[in-house]
Amino acid sequence: MVPEAEVQDVLAELQRLRARVPLLSGALAASTDGLVLAHDTPGVEAEGVAALTAAALGVSIRMTDATARGGFRELLVRGETGYIATYAAGSSAVLTLLAEDRINVGRLHLEGRRSGSRIGELVDAALERAPQPAPGHRAPVPRNPQQPGPLPHRST
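What counts, and at which threshold
- Residues numbered from 1 in each chain as written.
- Predicted model: local features only at pLDDT ≥ 70, side-chain atom pairs only at ≥ 80, totals over all residues.
- Heavy atoms only, no water.
- Pairing = 2+ DSSP bridges.
- Helix = DSSP H or I, 4+ residues; strand = E, 2+ residues; numbered from the N terminus.
- Axes fitted to C-alpha atoms, helices over the stretch in contact; angles between N-to-C directions.
- Contact = heavy atoms within 4.5 Å.
- Buried < 20%, exposed > 50% of the residue type's maximum accessible area, 1.4 Å probe, protein only.

J.: Can you help me understand the sheet that holds strand 3 (residues 74–79) in this one?
T.: Within a sheet, adjacent strands bond to each other through the backbone by hydrogen bonds, running parallel or antiparallel. Spatially, 2-1-5-4-3 is the arrangement adopted by the 5 strands of the open sheet, whose pairing is antiparallel. Two strands in the sheet have a free side with no partner beyond their single neighbour: strand 2 (36–40) and strand 3. Ignoring which end each strand starts from, the neighbouring axes of this sheet average 10° apart. Pairing of strand 4 (residues 82–88) with strand 5 (residues 93–100) involves 7 bridges; the strand directions are antiparallel. Within strand 5, the position partnered with Ile84 by the bridge is Leu98. The sheet contacts of helix 1 (residues 4–20) involve strand 1 (24–31), strand 2 and strand 5, and relative to strand 2 the element is tilted by about 30°.

If you want it as structure tokens, here you go:
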């Protein structure tokens, strides 16, 4: 999937993000199908959050499509004690942030969008360099068609 060097770069970006925004309690980069790429989520099961992010992403993509709002960009969920924010990170990854309830939501969006863009660049570049299947070789069909693949891009 993503080479170890890029995974380390993604993890470094997550750690820089958490250092810039002290009220973040966790940061996770995952593929759009729910596989953890890198995480800095103390006390939280990263694999579970990545899987739930993929499920929420699937609903969000359907919702933006059904309402003609364009491609997915971000999702914000507010609970009683904080926020969960998910941002598109290139064509095949997402960034999910866990934040305390006292966070400035504007700052959360600003920093989340910047980091999502940087992580997207890293992941997309790594995937472009990855070996492609030989011509005529078909990629395996996903076992669960409900999980999203790459983020769709609408052409207008």
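J.: Would you mind showing me how to read the pairing of strand 4 here?
T.: The side chains of a regular strand alternate between the sheet's two faces. Extensive coverage of strand 4 is indicated by the burial of 6 of its 7 residues. Note that strand 3 and strand 4 share 6 bridges and pair antiparallel. Considered in strand 4, the bridge of Leu75 is made with Thr86. Two successive antiparallel strands, strand 3 and strand 4, enclose a turn made up of 2 residues. Linking strand 4 back to strand 5 in an antiparallel pair, the connection comprises 4 residues, with Gly90 at a positive phi of about 80°.

All we've got here are geometric facts, nothing functional implied.
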